[in-house]
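# Structural description and commentary
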Amino acid sequence: MTQTDDRLLLLNPADTVVVARCAIAAGETLWLGGVQITLDRAVTLGHKLACRAMSPGGKVLKYGVPIGSATTSIAVGDHVHLHNMKSDYTPTYALTEDGKIA
C-alpha cells in the first residue's frame, strides 16, 4: 500500500481494512493508500478503517480472510465497526448508551 500513515497497519495485502495502531482523534488528516482522508470520528487502538470501498453485503477482509459483511456502503477511510458491518459467524450485539443490548 502506497503512502499510508504509520498509525495504521495493513495486516494482509488482500485486506479491505487497516488497523489503528493508536488512538486517532476525529478531524485528523492522514494518508491511507495514497489517498488523503480526514477522520469524521475518533478511532481507538485496534479499530478498523476501510482501505477499500465496500458495498452492502461486501466482505470485510482482515488477516486476508472475511471477518464479516458490510451492512451499508463504506467509503475509504470510514471507521468499520458494528454500525456498518456484521459478523458472518456469530450474532453481533452492541450496548446502547443506557447499557441495553441493541
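In short, a report on the structure. Predicted model, so just to flag it, every value in this text is computed and none were measured. Every residue gets a number counted from 1 within its own chain, in the order that chain's sequence is written. Residues qualify for local features only when their pLDDT is at least 70, as the model is predicted, and side-chain atom pairs are given and counted only at 80 or more; totals for whole chains, interfaces and linings, by contrast, use all residues. Think of the side-chain values as coming from all heavy atoms in the structure, minus any hydrogens and water.

## Examining the environment of Ala70
Note the cut-off: Each helix corresponds to a stretch of at least 4 residues labelled H or I by DSSP, and each strand to a stretch of at least 2 residues labelled E; elements are numbered beginning at the N terminus. Should any heavy atoms of two residues lie within 4.5 Å, those residues are considered in contact.
By secondary structure assignment, the location of Ala70 is in strand β7 (residues 65-70). Separated by 10 residues in sequence, Ala70 and Val60 place their C-alpha atoms 6.5 Å apart. Not counting chain neighbours up to four residues away, the residues in contact with Ala70 comprise Met54, Ser55, Pro56, Gly57, Gly58, Val60, Asn84 and Met85.

## Brief notes about a nonpolar patch on the surface
Our working rule: Each patch is assembled from residues with relative accessible area greater than 30% and no salt bridge, linking like charges that lie within 9 Å and nonpolar side chains (Val, Leu, Ile, Met, Phe, Trp, Tyr) that lie within 5 Å. With residues, only the protein chains shown are counted as cover, and all accessible areas are computed by Shrake-Rupley using a 1.4 Å probe. Put simply, a salt bridge is a Lys or Arg side-chain nitrogen that is within 4 Å of an Asp or Glu carboxyl oxygen. Only protein chains enter the area calculation, which uses a 1.4 Å probe; residues under 20% of their type maximum are buried, those over 50% are exposed, and those in between are partly exposed.
Judged by side-chain polarity, Leu9, Leu11, Tyr63 and Val65 come together as a nonpolar surface patch covering roughly 360 Å² of accessible area. Relative to the elements of secondary structure, Leu11 occurs in the loop between β1 (8-9) and β2 (17-20). Residue classification places Leu11 among the partly exposed residues on the basis of a relative accessible area of 37%.

## Points about the side chain of Thr16
Filter applied, for reference: For this analysis, a polar contact is any N or O atom pair within 3.5 Å, provided that within protein one partner can donate a hydrogen and the other can accept it, and provided that sequence-adjacent residues contribute only side-chain to side-chain pairs.
Here Thr16 is to be found in the loop between β1 and β2. Judged by relative accessible area, which is 7%, Thr16 ranks as buried. A polar contact is formed between the side chain of Thr16 and the backbone nitrogen of Leu61, at a distance of 2.9 Å. In this structure, Thr16 is in contact with Leu49, Ala50, Cys51, Arg52, Met54, Lys59, Val60 and Leu61, ignoring residues within four places of it in sequence.

## A closer look at the sheet that holds strand β5 (residues 48-50)
As a reminder of what qualifies: Pairing between two strands is assigned when DSSP locates at least 2 bridges connecting them.
Strand order in the open sheet formed by 4 strands is β1-β2-β5-β8, with antiparallel pairing between adjacent strands. Whereas interior strands pair on both sides, the edge strands pair on one side only; in this sheet they are β1 and β8 (79-80). Strand direction decides the pairing type here: β1 and β2, joined by 2 bridges, are antiparallel. Following the sheet pairing, Leu9 is matched in β2 by Val19.

## Considering the nonpolar core
The condition that has to hold: Only buried residues count toward a nonpolar core. Its members are Ala, Val, Leu, Ile, Met, Phe, Trp, Tyr and Cys residues joined through side-chain atoms within 4.5 Å.
Leu8, Val18, Ala20, Ile24, Leu30, Leu32, Ile37, Leu39, Val43, Leu49 and Cys51 form the largest nonpolar core, which has 11 residues in total. Mapped onto this core, the elements with two or more residues apiece are β2 and β3 (29-32). In this structure, Leu39 is in contact with Ile24, Ala25, Ala26, Gly27, Glu28, Leu30, Leu49 and Gly77, ignoring residues within four places of it in sequence. In this structure, Val17, Ala50, Met54 and Ile74 belong to the second largest nonpolar core, which totals 8 residues.

## Observations regarding unusual backbone geometry
Most peptide bonds are trans, and most residues other than glycine sit at a negative phi. A positive phi angle, close to 65°, is found at Tyr63, a residue other than glycine. Topologically, Tyr63 is positioned in the loop between β6 (59-62) and β7. We classify Tyr63 as exposed; its relative accessible area is 53%.

So far we have only geometry, and geometry alone does not tell us how the molecule works.
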